[in-house]
Amino acid sequence: MMSDQSSSPLLAVENLRTVFHFADGAYPAIDSLSFELRAGEVLGLVGESGSGKSVAGFSLIGLVDAPGEIVSGEVRFKGRDLRKLSDEELRRVRGKSVSMIFQDPLTTLNPVLTIGEQMMEAISEHETVDPAAARQRCIDTLTKVGITSPQTRVDQFPHELSGGMRQRVAIATALLNQPELIIADEPTTALDVTIQGQILAEMQTLQKETGTALIWITHDLGVVSELADRIAVMYAGGIVEIGQVDDVLDSPRHPYTLGLLNSVPGDTPRGEALRQIEGAAPSLTARPLGCPFHPRCFRASDLCRTEEPPLAEAGDHSWRCHHPLDPEKTP
Amino acid sequence: MLLFTLQRMLQSIAVLLAVSVAVFLAVYAVGDPVELLVNPEATQLEREAMVSRLGLDQPVWMQYFTFLSNAVQGDMGTSFVHAEPALQLILSRMPATFELVFLAMLVASIIGIPLGLYVGLKEENRIARAIMTGSIFGYSIPSFWKGMVLILFFAVWLQWLPASGRGETVSVFGIPFSFLTVDGLRHLAMPVINLAIPNIALITRLTAAGASEARMQDYVKFARAKGVREKRIVRRHILRNILIPIITVLGVEFGSLIAFSTITETVFAWPGMGKLLITSIYQLDRPVVVAYVMLVTFIFVVVNLLVDFTYALLDPRVSLSERMS
Ligand SMILES: Nc1ncnc2c1ncn2[C@@H]1O[C@H](COP(=O)(O)OP(=O)(O)OP(=O)(O)O)[C@@H](O)[C@H]1O
Ligand code: SF4
Ligand SMILES: [Mg+2]
């Protein structure tokens, strides 16, 4: 899975900033977002609800609707800054080299068009193909994601399929053009637990088979530890810690990451209550000064309340915290 | 499916019956046709002969049942004024009205859908706001007033368009149509626009509301994420979804347009069913009025049935058998 580290990354995001314009001003939903992704790599993007994971995912492919606006930063994909492309150039990247899978499978598919039409357009908008061949490609891809009797399914409408089936259709659609990067925005959260497990396992197999790089957005650290090579932890619109899965999970340096780890059910020693991070994530319009986590942090000092913590790193592992945890002592 | 059809048929018949009673009673209460039809110098004997010939000496309920059993057989009575079967008289005027209404709907869709898409798909701007404000006027200005202004402007002042009549017609299968000749089209222009204006407004607003809602939907965003071109997103993803309410409203409007065309037909002296209705009301030509109302009700009912079926065809989520419950 690990590709050559010296080669240039598939995706390099630098200081990406997306704001939402409200009546009283512009509020950043993501700010100074930076990370890299190598070809074939799986990055888990983790954070609580409202931390800006979806906005980050959409911002990568320029899909932010008003009142949102991507105001600055670079998204270099294979060396090209996607933010500098024309609408038409960007369109040709979307769905072809970079696909996305959404959070809610029930709203992702157009209710009045057949599964087949919605899949086939993902092909025909990028290349001239014979309809019969395109249809066959859809059927083959549906089979790959575990849909039974795909010949019948392609002619059905979304409401005739269960939620899990619909998410498989969305995944199949994302796979159609063999993209180099798939952004999956919590594709299993809306589904029940057994289906979640199945889809996760299938995604893992497919990812290994195709070698596609994957950004898996989730609030569930458990999912990430199974799937990802690296983890990026988001808080209040920025990445607070990023590194190899083992490094981040075994020796987290940011107090927020530790808080997330402690609230994963499986990791709690028996008899000990599940510890939630106290307090709630700050809303878009009320981001604290200094380190945005300070109102909830047990290590917060005066410095934290006034100064934004700088980026610190040790090898491939980096974090933003004035008083990082000691790697020897945790968790 | 069969049960649904049967059920809707029964409903429709019930509606027709209820309307027939209401209309018959209402018309019965208004005026005395004998006064109008009989020569004031006529003798009492002549009067009575006339009354019994027209069946006006029977009790109301007898008159109603006679009317109903005849109506079922397609006989809606004979016009007091024209001495011609009432239904036949109205049917002979129907093509003129249908021509007007169809063209008005066509014009309303051709103008209203693009305007609505413009407003609904763009961010707020001055043109969009102007369109929306205009649509309020278009919908609320009374038809007769608009008609007069049109006549004053295009017929009297500019003298571009004729103010009344159907102009030259061409017969197709024995039915005269105006839209096939230049002169006919010139005669059609003003009444069609007059009838279309409120519907342009309605369709614009409906399309705008639908489009601005649809473009925010996840499936549109997902289509963008797939790299689908904007043109196709509008045509297949957005329009396909808002076509459902538009067709429903168009269907329902078709019925009301036939009814409301009375004013337009009167203002522009368009020889359709509506103009016949107004004349018949003034002349207390009871059978014609009753036949007109029954026929329009019938058209309403049929159109609504068709709309229901089309709706089910367009929206895969609606199956006819499900809608029975
Ligand atoms: N269309 C929008 N208009 C206004 N604010 C928005 C909009 N979309 C997102 N936001 C705000 O941006 C912030 C980040 O939202 P985002 O959807 O990225 O969160 P998330 O991390 O994906 O959360 P979740 O786990 O609930 O999906 C939130 O505070 C949210 O309220
Ligand atoms: S910078 Fe301070 S407040 Fe922020 S996480 Fe580190 S210790 Fe806590
Ligand atoms: Mg989200």
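Residues numbered from 1 in each chain as written. Chains lettered and ligands numbered in written order. Predicted model: local features only at pLDDT ≥ 70, side-chain atom pairs only at ≥ 80, totals over all residues. Heavy atoms only, no water.

Novice: Looking at this structure, I do not really get the overall build of chain B. What am I missing?
Specialist: Scanning chain B for helices and strands turns up 13 helices and two strands. In chain B, which comprises 325 residues, the proportion classed as buried is 44%. Considering only residue pairs separated by 6 or more positions, chain B has 73% of its internal contacts joining residues 24 or more positions apart. Counting only carbon and sulfur atoms, one obtains 69% of the accessible surface of chain B, whose full area is about 16,900 Å². Charge-centre separation for chain B: the mean point of 25 positive side chains lies 18 Å from the mean point of 22 negative side chains. (Helix = DSSP H or I, 4+ residues; strand = E, 2+ residues; numbered from the N terminus. Buried < 20%, exposed > 50% of the residue type's maximum accessible area, 1.4 Å probe, protein only. Contact = heavy atoms within 4.5 Å. Areas by Shrake-Rupley, 256 points an atom, 1.4 Å probe, with all protein chains shown as cover. Lys, Arg positive; Asp, Glu negative; His and termini not counted. Charge placed at Lys NZ, Arg CZ, Asp CG, Glu CD.)

Novice: What am I meant to see in the UniProt feature "domain: ABC transmembrane type-1" (unreviewed entry) in chain B here?
Specialist: In the numbering adopted here, UniProt assigns the feature "domain: ABC transmembrane type-1" (unreviewed entry) to residues 94-307 of chain B. The span residues 94-307 of chain B shows a helical share of 79% and a strand share of 3%, and its end C-alpha atoms are spaced 21 Å apart. (UniProt positions renumbered as here; feature names shortened; annotations may be inferred.)

Novice: I tried to follow the UniProt feature "transmembrane region" (unreviewed entry) in chain B on my own but got confused; where do I start?
Specialist: Residues and elements named next belong to chain B. Mapped onto the present numbering, the UniProt feature "transmembrane region" (unreviewed entry) falls on residues 12-31, 100-121, 142-160, 188-208, 242-270 and 290-314. Taken end to end, residues 142-160 has its terminal C-alpha atoms 23 Å apart, with 79% of it in helix and 0% in strand. Along residues 242-270 the backbone is 90% helical and 0% strand, and the end-to-end C-alpha distance reaches 34 Å.

Novice: Is there a simple way to explain the site of ligand 1 in this structure?
Specialist: Residues and elements named next belong to chain A. Taken together, the neighbourhood of ligand 1 is formed by 14 residues, with Ser49, Gly50, Lys53, Ser54 and Val55 sitting nearest. The backbone of Gly50 places a nitrogen or oxygen atom 2.9 Å from an oxygen atom of ligand 1. At a separation of 2.9 Å, an oxygen atom of ligand 1 approaches a polar backbone atom of Val55. Considering ligand 1 on its own, with 630 Å² of exposed area, one finds that the protein chains cover 68% of that surface. Where the shell around ligand 1 is concerned, the elements lending two or more residues are strand 1 (11-22) and helix 1 (53-60). The leading source of residues in the shell around ligand 1 is helix 1, at three residues. (Near = heavy atom within 4 Å. Polar contact = N/O pair within 3.5 Å; in protein donor to acceptor, adjacent residues only side chain to side chain.)

Novice: Would you mind going over the sheet that holds strand 4 (residues 68-77) of chain A with me for this structure?
Specialist: All names here are of chain A. If you trace the four strands from one edge of the open sheet to the other, you get 2-1-4-5, paired in antiparallel fashion. Each edge of the sheet is formed by a strand with only one pairing partner; in this case those strands are strand 2 (25-37) and strand 5 (80-81). Of the pairings in the sheet, the one linking strand 1 to strand 2 comprises nine bridges and is antiparallel in character. By the bridge assignment, Ala12 is partnered in strand 2 with Glu36. The strands touched by helix 1 within the sheet are strand 1, strand 2 and strand 4, with strand 1 carrying the most contacts at an inclination of about 115°. (Pairing = 2+ DSSP bridges. Axes fitted to C-alpha atoms, helices over the stretch in contact; angles between N-to-C directions.)

Novice: Would you mind showing me how to read the pairing of strand 1 of chain A here?
Specialist: For a regular strand, side-chain orientation follows a simple rule: the groups alternate between the two sheet faces. Residue and element names in this part refer to chain A. The pairing of strand 1 with strand 4 spans eight bridges and is antiparallel. Residue pairing in the sheet places Ala12 in a bridge with Arg76 of strand 4. Counted between consecutive antiparallel strands, the loop separating strand 1 from strand 2 contains two residues.

Novice: I keep staring at a nonpolar patch on the surface and nothing clicks. Help me out?
Specialist: Residue and element names in this part refer to chain B. Taken together, the side chains of Phe144, Trp145, Met148, Val149, Phe260 and Ile263 present a nonpolar region at the surface, about 600 Å² in accessible area. Of all the secondary structure elements, the ones that give two or more residues to the nonpolar patch are helix 7 (143-157) and helix 10 (230-267). It is helix 7 that provides the largest number of residues to the nonpolar patch, a total of four residues. With respect to the secondary-structure elements, Trp145 resides in helix 7. Owing to a relative accessible area of 48%, Trp145 belongs among the partly exposed residues under this scheme. (Patch = residues over 30% accessible without salt bridge, like charges linked within 9 Å, V, L, I, M, F, W, Y side chains within 5 Å. Salt bridge = Lys/Arg side-chain N within 4 Å of Asp/Glu carboxyl O.)

Novice: Is there a simple way to think about the site of ligand 2 in this case?
Specialist: Lining the immediate surroundings of ligand 2 are 13 residues, of which Cys291(A), Cys297(A), Cys304(A), Cys321(A) and His322(A) lie closest. Split by residue class, the shell around ligand 2 holds eight nonpolar, four polar and one charged. (Nonpolar A, V, L, I, M, F, W, Y, C, P; charged D, E, K, R; others polar.)

Novice: Looking at this model, I keep getting lost on the nonpolar core. Mind explaining?
Specialist: In a soluble, globular protein the nonpolar side chains are often hidden away together inside. Formed by 95 residues in total, the largest nonpolar core has its most connected members in Leu11(A), Phe35(A), Leu60(A), Leu181(A), Ile183(A), Ile215(A) and Ile231(A). The element best represented in this core is helix 7 (residues 163-175) of chain A, accounting for seven residues. For Ile183(A), the residues in contact, after removing those within four places along its chain, are Gly57(A), Leu60(A), Ile61(A), Val98(A), Ser99(A), Met100(A), Ile101(A), Ile215(A) and Ile217(A). Ile90(B), Leu117(B), Val220(B) and Val307(B) belong to the second largest nonpolar core, which has 56 residues in total. (Core = buried A, V, L, I, M, F, W, Y, C linked by side-chain atoms within 4.5 Å.)

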